[in-house]
Amino acid sequence: MAGHRIQPSVQEEQKQRATARAARGKAPHRRDTVHRCAAATRPPPCRAAVDVTDPASRPLLYSYRRCPYAMRARMALLQAGRRFDVFEIILRDKPAAMLAISPKGTVPVLQLPDGEVLEESWDIMRWAWSEHDPDGWWSRVQTPENLALLGINDGAFKRHLDRYKYPDRYAGETTPREVHRAEAVACLLAPLEARLQRQPYLGGATPCATDLAIFPFVRQFAGVEPAWFSEVEMPTLKAWLQGWLDSGLFGLCMTKLVPQVKQVPLKSRL
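Residues numbered from 1 in each chain as written. Predicted model: local features only at pLDDT ≥ 70, side-chain atom pairs only at ≥ 80, totals over all residues. Heavy atoms only, no water.

**Student:** What am I meant to see in the overall build of the protein chain here?
**Tutor:** Counting secondary structure elements, the protein chain contains 10 helices and 5 strands. Out of the 270 residues in the protein chain, the part that is buried amounts to 51%. By element, 53% of the accessible surface of the protein chain is carried by carbon and sulfur atoms, the whole surface being about 12,100 Å². (Helix = DSSP H or I, 4+ residues; strand = E, 2+ residues; numbered from the N terminus. Buried < 20%, exposed > 50% of the residue type's maximum accessible area, 1.4 Å probe, protein only. Areas by Shrake-Rupley, 256 points an atom, 1.4 Å probe, with all protein chains shown as cover.)

**Student:** Just checking my understanding: could you explain the packing of helix α6 (residues 177-198) against helix α9 (residues 235-245) for this structure?
**Tutor:** Two measures define how a pair of helices packs: the angle their axes make with one another and the distance between the axes. At a closest axis distance of 8 Å, the pairing of α6 and α9 adopts a crossing angle of 85 degrees. Here α6 lies roughly perpendicular to α9, going by the angle between them. On α9, the residues that touch Leu189, Leu192, Glu193, Leu196 and Gln197 of α6 are Pro235, Thr236, Leu237 and Trp240. Taken together, the residues of the contact of α6 with α9 break down into 6 nonpolar, 2 polar and 1 charged. (Axes fitted to C-alpha atoms, helices over the stretch in contact; angles between N-to-C directions. Parallel < 35°, antiparallel > 145°, perpendicular 65-115°, else oblique. Contact = heavy atoms within 4.5 Å. Nonpolar A, V, L, I, M, F, W, Y, C, P; charged D, E, K, R; others polar.)

**Student:** What is the right way to read the packing of helix α5 (residues 144-165) against α6 from this model?
**Tutor:** Where α5 contacts α6, the two axes come as close as 8 Å, and the packing angle between them is 155 degrees. By the angle class used here, α5 and α6 are roughly antiparallel. Classified by chirality, the crossing of α6 by α5 is left-handed. Counted together, Glu145, Asn146, Leu149, Ile152, Asn153, Ala156, Phe157, Arg159, His160, Arg163 and Tyr164 of α5 and Arg177, His180, Arg181, Glu183, Ala184, Cys187, Leu188, Leu189, Leu192 and Arg195 of α6 form the full contact between these two elements. (Left-handed = near helix turned anticlockwise from the far one by under 90°.)

**Student:** So what exactly am I meant to see when it comes to α5 here?
**Tutor:** Taking 1.5 Å of rise per residue, the 22 residues of α5 would be expected to cover 32 Å, and the 29 Å separating its terminal C-alpha atoms lies within 8% of that figure. Its axis deflected by about 45 degrees at phenylalanine 157, α5 carries its strongest bend there. (Expected span 1.5 Å × (residues − 1). Bend = angle between axes of the 7 residues up to and from the residue.)

**Student:** Is there a simple way to think about the side chain of threonine 210 in this case?
**Tutor:** Note that threonine 210 resides in helix α7 (residues 209-224). In this view, threonine 210 contacts Val141, Asn146, Leu150 and Leu202; residues no more than four positions away in its chain are not counted.

**Student:** Looking at this model, I keep getting lost on the packing of aromatic side chains. Mind explaining?
**Tutor:** Geometrically, a pair of aromatic rings is defined through the distance of the ring centres and the angle of the planes. Taken as a whole and assessed by the stated rule, the structure comprises 11 aromatic pairs. When the ring of phenylalanine 215 is compared with that of tryptophan 244, the centres are 6.2 Å apart and the planes differ by 35 degrees; the resulting orientation is tilted. One end of the pair, phenylalanine 215, is in helix α7; the other, tryptophan 244, is in helix α9, with 29 residues separating them in the sequence. Here phenylalanine 215 matches tryptophan 244 in class, with each residue buried. Centre to centre, the rings of phenylalanine 215 and phenylalanine 250 are 5.1 Å apart; their planes meet at 85 degrees, and the pair counts as edge-to-face. With phenylalanine 215 in helix α7 and phenylalanine 250 in helix α10 (residues 248-253), the pair connects residues that are 35 residues apart, well separated along the chain. Both residues of the pair, phenylalanine 215 and phenylalanine 250, belong to the buried class. (Phe/Tyr/Trp six-rings, centres within 6.5 Å; stacked < 30°, edge-to-face > 60°.)

**Student:** Looking at this structure, how should I read the pairing of strand β1 (residues 60-63)?
**Tutor:** Both faces of the sheet carry side chains from a regular strand, because those side chains alternate between them. Of the two faces of β1, both are covered, the one formed by Leu60 and Tyr62 as well as the one formed by Leu61 and Ser63. Strand direction decides the pairing type here: β1 and strand β2 (residues 85-88), joined by 4 bridges, are parallel. Residue pairing across strands places serine 63 opposite glutamate 88, the latter belonging to β2. Taking the sense of rotation as the criterion, the β-α-β connection linking β1, helix α2 (residues 68-79) and β2 turns out right-handed. Looking at chain direction, β1 and strand β3 (residues 109-111) are connected through 3 bridges and run antiparallel. Residue pairing for β3: leucine 61 is matched across the bridge by leucine 110. (Pairing = 2+ DSSP bridges. Right-handed = clockwise from strand over helix to strand, strands pointing away.)

**Student:** Which parts of the structure should I look at to understand the environment of phenylalanine 84?
**Tutor:** By the element assignment, phenylalanine 84 lies in the loop between α2 and β2. Relative accessible area serves as the criterion here: at 2%, phenylalanine 84 is assigned to the buried category. Sequence separation of phenylalanine 84 and serine 57 is 27 residues, and the distance between their C-alpha atoms is 8.7 Å.

**Student:** Please clarify how α2 should be interpreted in this entry.
**Tutor:** Taking 1.5 Å as the rise per residue, α2 with 12 residues should run 16 Å; its terminal C-alpha atoms sit 16 Å apart, in good agreement. Among the 12 residues that make up α2, 12 are buried, leaving the element largely enclosed by the rest of the structure. Among all positions in α2, only Pro68, Tyr69, Ala70, Met71, Arg72, Ala73, Arg74, Met75, Ala76, Leu77, Leu78 and Gln79 are buried. One or two steps after α2, the chain reaches glycine 81, where phi turns positive at roughly 80 degrees.

Just geometry here; none of it tells us what the structure is for.
Here it is, written out as structure tokens:
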């Protein structure tokens, strides 16, 4: 297996998602200069392949299309070329089969053919490249810089993002959502802008799993107040974000599925 398990990020993910479940209960405003940037470097083609001949040999991924944790898991499985089935859940009617193997009730959950269950997105991403990683998608995560970014994304940034996007869930807290917005920019987006000015991807000249892991959360942040985000002067980050949004990998990841039905919805190869 290339690299090793990123334990701190897994712990942060578990802590943040537990907090979110329990709660269900100023950045610069300057003209967007992304138009002055060269077109964003497009991520490499997706290598996804799906074998429809032997369902018993394929893992089953319980997923929810808009969940950023599930997005990062799907993108990793697809990019790594793993064959898998998908069960798109309905949040208000979670399948009994999923709850039986993962009582925590959150996605993603990957059930392997041998019965092993992976309940955290980082474990799923690690497994995706555990047998074959010639381009170093996983191994290039294992740098101090990338590990630090991942810890911030799954920790402080996710905390601020939740309170910025879902202020009603945290009605008992007194910090204004605009403060959480500014803190999210300061703790992650500004460092990402600086890093991406030096190299096209977080993996260097080519992407790595760090790009896939952080992109869905930056996408979610940008979508909270699109007009406000368009005024923030972070042209390099915006170009990186747009490159992933336009990628074939993301398009395949976001294929709309029939909910509550096990299926193989993916085209054989991009």
